[in-house]
Amino acid sequence: MKRFAVYVTSKEGIFDPAGENSRKALKSLGFSGVTDLAIGKYIELEVEDSNTEEEVAKMCEKLLANPVIEDYKIKEL
Amino acid sequence: MKFGVVRFPGANCEQDAVHALRHLGFEADYIWHQDSSLKGYNAVVLPGGFSYGDYLRCGAIARFSPVMSAIAKESGAGLPVIGICNGFQVLTEAHLLPGALIKNKETKFICRSVKLRVEESVCQWIDYPAGTEVDIPIAHGEGNYVCDDKTLAELKANKQIVVRYAEGAPNGSLDDIAGICNKAGNVFGLMPHPERVTDKVSGSDQGAAFFLGIAKLLESRK
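Report on the accompanying structure. Every chain's residues receive numbers from 1 upward, in the order its sequence appears when written. In the order they appear in the text, chains get letters beginning with A and ligands get numbers beginning with 1. With the structure being a predicted model, the display of local features is reserved for residues of pLDDT at least 70 and the display and counting of side-chain atom pairs for 80 or more, all residues being used for whole-chain, interface and lining totals. The side-chain figures draw on all heavy atoms in the structure; neither hydrogens nor water molecules are used.

**Some words on the interface of chain A and chain B**
Then, in step 1: The contact criterion used is simple: two residues touch if any of their non-hydrogen atoms lie within 4.5 Å. Between chain A and chain B, the contact holds 14 residues from the first and 18 residues from the second.
Then, in step 2: A 1.4 Å probe defines the accessible area here, and the buried area is the portion of it lost by two parts on being joined, summed over both. Buried area between chain A and chain B, both sides added, is near 1,300 Å², and the carbon and sulfur share of it is 69%.
Then, in step 3: Taken as a group, Pro 17, Leu 63 and Asn 66 of chain A account for 32% of the area that chain A buries against chain B, more than any other trio of residues on that side.
Then, in step 4: Here a salt bridge means any side-chain nitrogen of Lys or Arg lying within 4 Å of a carboxyl oxygen belonging to Asp or Glu. Seen at the junction of chain A and chain B, the total is 1 salt bridge.
Then, in step 5: Here Arg 57 of chain B makes a salt bridge to Glu 70 of chain A, at a shortest N to O gap of 3.7 Å.
Then, in step 6: Secondary structure elements are defined from DSSP: runs of H or I of at least 4 residues count as helices, runs of E of at least 2 residues count as strands, and each element is numbered from the N terminus. Those elements that place two or more of their residues in the side of chain A that touches chain B are helix H1 (17-28) and helix H2 (53-64) of chain A.

Quick look at the structure:
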C-alpha cells in the first residue's frame, strides 16, 4: 500500500473568506502580525501499489478539487 | 407541461418546488437521483438543500449521480433546466454553467429577502422585462459567485447574467451576480429561491414569473 497526501487550496486570485475572517479574528485577539492566512483541505489517501501520482492527480481533477477555484499539491508519504 | 424535480439525498426544497409548480397549474413530480431517464418531463428543477451533506464541496458529489448524466445530455439538446441554490452549485460543479460558488464573504449563512434586478439576458425561464426589481428570499452559506475575468467578459457579451443583487451582493458575489444561464438560455442557475414566493399566502408571488417564461415558451412551440 502507498499513502498520498493531497493539499487543496484556493487558486491565486480567488478570495478565501474562511482564511481572511480567521486572520481578522487573530488580529482582534492581538496577533496583529499575520498578513495572510489561507485555509484549505488536507486529504490523505491509502491506495494500492499500482496507483501512481498521476492517478491521484486524475482523482483531484475529477472530484477532490474543483480546478475552477482550487489548486492541489500531491505528496507521497 | 410537466416539470421533474430531482430528489438528491440531502435535498430539502424539493417539496416546495413541486408545491409551487402545482400551485401555478403545472404537472410536477419527483425524479430520484438514481434515475437515468428524463422521459415524460418537459423541464427539470434541481432544488435547494444540502445534497450529499455538502461533503467535499457543495454539489461536488451530486454531479456524479446518474440523473446528472441524463441532464447533461438532454440539456445539451435543449431541455430546460433550472438549478435553485444547491441546484445552482450542482450545475457549476457539473460544468453545465461556468464559474463556482464559494463561501459567503462574511462566512455567515444568510437567510432573508433580497432585491433582485432582472437583467437583459438570453434566459428562457424568466417572464419579467429587463429592469424589473423583485424581492426574493435567499438562504445560503456558499453563494459567493466567482469566475475568472475571461468568463465574466463572456457572460456579459453573451447576455448570460440573468439576475443581479440590486442593492449589492450580501454574499460577496462577483459583479453582484445572483443567477446566470448557459449560452443557449435553457440552463439557468440562481442562488435565490423563487419557488418560495409563488403564492400570496406566503407573502408574495413575485417568484412565479421565474417559471412562467419557460412554460410560455414551451406552449408556443406546440
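Here the narrative resumes, following the displayed structure.
**Describing the side chain of Lys 2 of chain A**
All names here are of chain A.
Then, in step 1: Its place among the elements puts Lys 2 in strand S1 (residues 2-10).
Then, in step 2: Relative accessibility under 20% of the residue-type maximum defines a buried residue, over 50% an exposed one, and the middle range a partly exposed one, all with a 1.4 Å probe and only protein chains included. Neither His nor the chain termini are counted; the positive set is Lys and Arg, and the negative set is Asp and Glu. One buried charged residue, Lys 2, remains without a salt bridge, the closest side chain of opposite sign being Glu 76 at 4.7 Å.
Then, in step 3: Pairs of N or O atoms are called polar contacts if they sit within 3.5 Å, as long as, within protein, a hydrogen donor faces a hydrogen acceptor (for residues adjacent in sequence, only side-chain-to-side-chain pairs). Within the structure, the side chain of Lys 2 is placed 2.7 Å from the backbone oxygen of Asn 51, a separation counted as a polar contact.
Then, in step 4: Residues contacting Lys 2, with those up to four places away along its chain left out, are Leu 45, Glu 46, Val 47, Glu 48, Asp 49, Asn 51, Thr 52 and Glu 76.

**Looking at the nonpolar core**
Then, in step 1: Among the nonpolar cores identified, the biggest contains 66 residues, and Phe 188 and Phe 210 of chain B are the most heavily contacted of them.
Then, in step 2: Residue contributions to this core peak at 5 residues, all from helix H5 (residues 209-221) of chain B.
Then, in step 3: What we call a nonpolar core is a set of buried Ala, Val, Leu, Ile, Met, Phe, Trp, Tyr and Cys residues that are connected through their side-chain atoms within 4.5 Å. Core analysis: the next-biggest nonpolar cluster, separate from the first, contains 11 residues, Val 6, Ile 43, Leu 64 and Ile 74 of chain A among them.

**Some points on the pattern of salt bridges**
Then, in step 1: Evaluation of the coordinates by the stated rule reveals 17 salt bridges over all chains.
Then, in step 2: Arg 3 of chain A is paired through a salt bridge with Glu 44 of chain A; the nearest N and O atoms lie 2.9 Å apart. In this pair, Arg 3 of chain A is assigned in strand S1 and Glu 44 of chain A in strand S2 (residues 41-47), connecting sequence segments 41 residues apart.
Then, in step 3: With a closest N to O distance of 3.7 Å, Glu 70 of chain A and Lys 41 of chain A form a salt bridge. Of this pair, Glu 70 of chain A sits in strand S3 (residues 70-76) while Lys 41 of chain A sits in strand S2; the two residues are 29 residues apart in sequence, bridging distant segments of the chain.
Then, in step 4: Each of Arg 117, Glu 119, Lys 156, Arg 164 and Asp 175 of chain B takes part in one network of salt bridges that share partners.

**Structural notes on the pairing of strand S2 (residues 27-32) of chain B**
Then, in step 1: Here, strands pair whenever DSSP counts at least two bridges between them. Two strands pair when backbone bridges link them, and strand S1 (residues 2-7) of chain B and S2 of chain B are joined in this way by 6 bridges, in the parallel orientation. Bridging across to S2 of chain B, Gly 4 of chain B finds its partner in Asp 29 of chain B.

From the geometry alone we can't say anything about function, so treat these as descriptive.
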